[in-house]
Amino acid sequence: MLGSASRFAAALILWAVCAVPAPVLAQAQSSPDNLRVVTRVLPPMVVAHDGALSGFSIDLWNAIAERLALKTSYQVAPNVTDLFERIRTDQADVGISALSITAAREAEFDFSQPMFNSGLQIMVRGRDTEDVSNPLREILALLFSKTMLVWLGIALVLIMVPAHVVWFLELRHPPGIIPTRKYFPGIFFSMYWAASTLATQSEQMPRHWLARAVAVLWMFVGVVFVAFYTAQLTASLTAQKIQGSIVSPQDLHGKSVATTAGSTAAAALRELDADVVEVTRIEDAYEALTDYKVDAVVFDSPVLLYYAANDGKGRVHLVGAPFRKEDYGIVFKTDNPLQRRVNKELLALREDGTYQKLYDKWFGGK
Ligand code: GLU
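Per chain, residue numbering runs from 1 following the sequence as it is written. With pLDDT at 70 or above as the cut-off, local features in this predicted model cover only qualifying residues; side-chain atom pairs require 80 or more to be listed or tallied, and sums for whole chains, interfaces and linings still use all residues. For side-chain calculations, the full set of non-hydrogen atoms in the structure is used, while hydrogens and water are omitted.

**Observations concerning the overall build of the protein**
Each helix is a run of DSSP H or I of at least 4 residues and each strand a run of E of at least 2, with the numbering of both proceeding from the N terminus. Summing up its helical and strand segments, the protein has 13 helices and twelve strands in all. Burial classes: relative accessible area under 20% of the type maximum marks a residue as buried, over 50% as exposed, and values in between as partly exposed (1.4 Å probe, protein chains only). Burial status across the protein gives 43% buried among its 366 residues. We call two residues in contact whenever any of their non-hydrogen atoms come within 4.5 Å of each other. A separation threshold of at least 6 residues defines the contact pool for the protein, and within that pool the share at least 24 residues apart is 70%. Summing over all exposed atoms, the protein offers an accessible surface of approximately 20200 Å²; the carbon and sulfur share of this is 62%. In these tables, accessible area is a Shrake-Rupley quantity obtained with a 1.4 Å probe, and a residue counts as shielded only by the protein chains included in the view.

So this is what it looks like as structure tokens:
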């Protein structure tokens, strides 16, 4: 006989086992009417909010599953390679997110009909093309640049010549501009005079006639010096601007560009000879861009457009049109009979207007 306490404990265990609410991201067992669907969080295709999944792809799948009278348990893969791996190794039955249909993937898996037109696009910092960088940052970068250091060095060496001549002549001229007979600090007065004459206009002029002649000559040198220096700085600023701007995929050559690991974007970037920074979550790529750790993000255009219009508004913008067209599909292991049934429902959802309704919901169409 079981005591009442142990009976209570047994009941409790039974209750715990049966009453575990099916969590949204549960790793459930496959059964004919319960499908394990693997996905990736990529707003607005797949959005994770408080542990629950939504987004265009999720809504679309739920509509398909409903028509097929199938239950779904979702799992989230850390990257797209892992997602395909789960399909390959039967850890999941179906994959849906922003999965680009490619020849290599098609050779190994089966895709549904294209469910969404997408493409790869470039995203950079700034509001629009004219305002790619921050002017304050540019000025600071220039102030602490090598060019600036070189010109300061040249100025310092140049100053020494008139400073010594004027110091020597003025020393012998009692009402001159050097108030002391000692080399230090006398030479500093003279250097200060030479520096201020070079940069702008000095307050005083030497008294000795020869020193005055040297001063006039020095003022001309100053004009030439400022002209050269301005030209050099302008040139290096322009060069920086030209080098810095990304207007087409070819400009990504040698640039550091963030994208997700294993994505079609990562493969395209390697072809373009970019320095690819692969991250797990697309949000990490956005952060790397806004934190000035990378020069651009290349990824699926619907995902980038959504970020640029929402969280990234005013901080990032997209460059040009998608440079490589791609279609998304729902992925199955080869010869899964489910593929045909899903294709049929996908078409039915397009025909009865559900697809358009979902599209408008997530992409703000009219
Ligand atoms: N469309 C991308 C691909 O299939 C998505 C990559 C990802 O999920 O990170 O490669």
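**Some thoughts on the confidence of the model for the protein**
Confidence of the predictor at the level of single residues is captured by pLDDT, which takes values from 0 to 100. Taken residue by residue, the protein gives an average pLDDT of 87. The fraction at 70 or more is 87%. Confidence drops under a pLDDT of 50 for residues 8-28, and excluding neighbours within four residues, the segment shows 15 contacts in the predicted structure.

**Some points on the environment of Ser196**
Mapped onto the elements, Ser196 comes out in helix H7 (residues 183-199). Residues Ser196 and Gly222, spaced 26 residues apart in sequence, show a C-alpha to C-alpha distance of 9.6 Å. The contacts of Ser196, once residues within four sequence positions are left out, are Gln201 and Ser202.

**Some thoughts on a nonpolar patch on the surface**
The patch calculation keeps residues exceeding 30% relative accessible area without a salt bridge and links them within 9 Å when they carry like charges or within 5 Å when they are nonpolar (Val, Leu, Ile, Met, Phe, Trp, Tyr). Just to be clear on terms, a salt bridge is a Lys or Arg side-chain nitrogen sitting within 4 Å of an Asp or Glu carboxyl oxygen. A cluster of nonpolar side chains, Leu136, Ile139, Leu140, Leu143 and Phe144, forms an exposed patch at the surface whose accessible area comes to about 560 Å². Among the secondary structure elements, Leu140 is positioned in helix H5 (residues 135-143). Accessibility expressed as a relative area gives 42% for Leu140, which makes it partly exposed.

**Re empty space enclosed by the protein**
Unfilled space is identified by rolling a water-sized probe across the atoms. Grid points spaced at 1 Å over the protein atoms alone were grouped into cavities, where a 1.4 Å probe fits but cannot get out, and pockets, open sets with protein on both sides within 12 Å along at least five of seven lines, with lining residues defined by an atom within 4 Å of a point. Grid points are joined across faces, edges and corners, and a volume is the space filled by probe spheres set on the points. All told, the structure shown has one cavity of 30 Å³ or more when counted by the stated rule. Looking at the largest cavity, its volume works out to about 110 Å³.

**Notes on the layout of surface pockets**
Within this model, the second largest pocket holds a volume of roughly 230 Å³. Around the second largest pocket sit Met148, Trp151, Leu152, Ala155, Leu156, Ile159, Ala195, Leu198, Ala199, Phe225, Val226 and Tyr229, which together line it. When contributions to the lining of the second largest pocket are tallied by element, the ones reaching two or more residues are helix H6 (146-171), H7 and helix H8 (209-244). Ranked by residues supplied to the lining of the second largest pocket, first place goes to H6 with six residues. The nonpolar class holds Ala, Val, Leu, Ile, Met, Phe, Trp, Tyr, Cys and Pro. Asp, Glu, Lys and Arg form the charged class, and all remaining residues, Gly among them, are polar. Of the residues that constitute the lining of the second largest pocket, the class distribution is twelve nonpolar, no polar and no charged.

**Looking at the pattern of salt bridges**
A full pass over the atoms with the stated rule returns 14 salt bridges. Residue Glu108 is joined to Arg88 by a salt bridge in which the shortest nitrogen-to-oxygen separation is 2.5 Å. Taken together, the residues span a long stretch of sequence, with Glu108 in helix H4 (residues 103-108) and Arg88 in helix H3 (residues 80-88) at a distance of 20 residues. Since its relative accessible area comes to 37%, Glu108 is described here as partly exposed. The exposure class of Arg88 is partly exposed, given its relative accessible area of 34%. Ionic pairing is found between Glu345 and Lys344, a salt bridge with its closest N-O pair at 3.6 Å. Overlapping salt bridges bring together Arg67, Lys344, Glu345 and Asp352 as one network.

**Comments concerning the packing of helix H2 (residues 56-67) against helix H13 (residues 354-363)**
A fitted line through C-alpha atoms represents every axis, and for helices the fit uses only the stretch in contact; the resulting angles, taken between N-to-C directions, go from 0 to 180 degrees. Look at H2 against H13: their axes get within 10 Å of each other, and the N-to-C directions meet at 155°. With respect to each other, H2 and H13 are oriented roughly antiparallel. Where H2 crosses over H13, the two elements pack in a sense that is right-handed. Counted together, Phe56, Asp59 and Leu60 of H2 and Tyr355, Leu358, Tyr359, Lys361, Trp362 and Phe363 of H13 form the full contact between these two elements. Among the residues making up the contact of H2 with H13, the classes are represented as seven nonpolar, no polar and two charged. Put simply, angles under 35 degrees are roughly parallel, angles over 145 are roughly antiparallel, angles from 65 to 115 are roughly perpendicular, and the rest are oblique. For any pair of crossing helices, the crossing counts as left-handed if the nearer helix is rotated counterclockwise from the farther one by less than a right angle, and right-handed if it is rotated clockwise.

**Side note on the environment of Val279**
Positionally, Val279 belongs in strand S9 (residues 275-279). For the pair Val279 and Gly262, spaced 17 residues apart in sequence, the C-alpha separation works out to 9.4 Å. Not counting chain neighbours up to four residues away, the residues in contact with Val279 comprise Thr259, Thr260, Ala261, Asp284 and Ala285.

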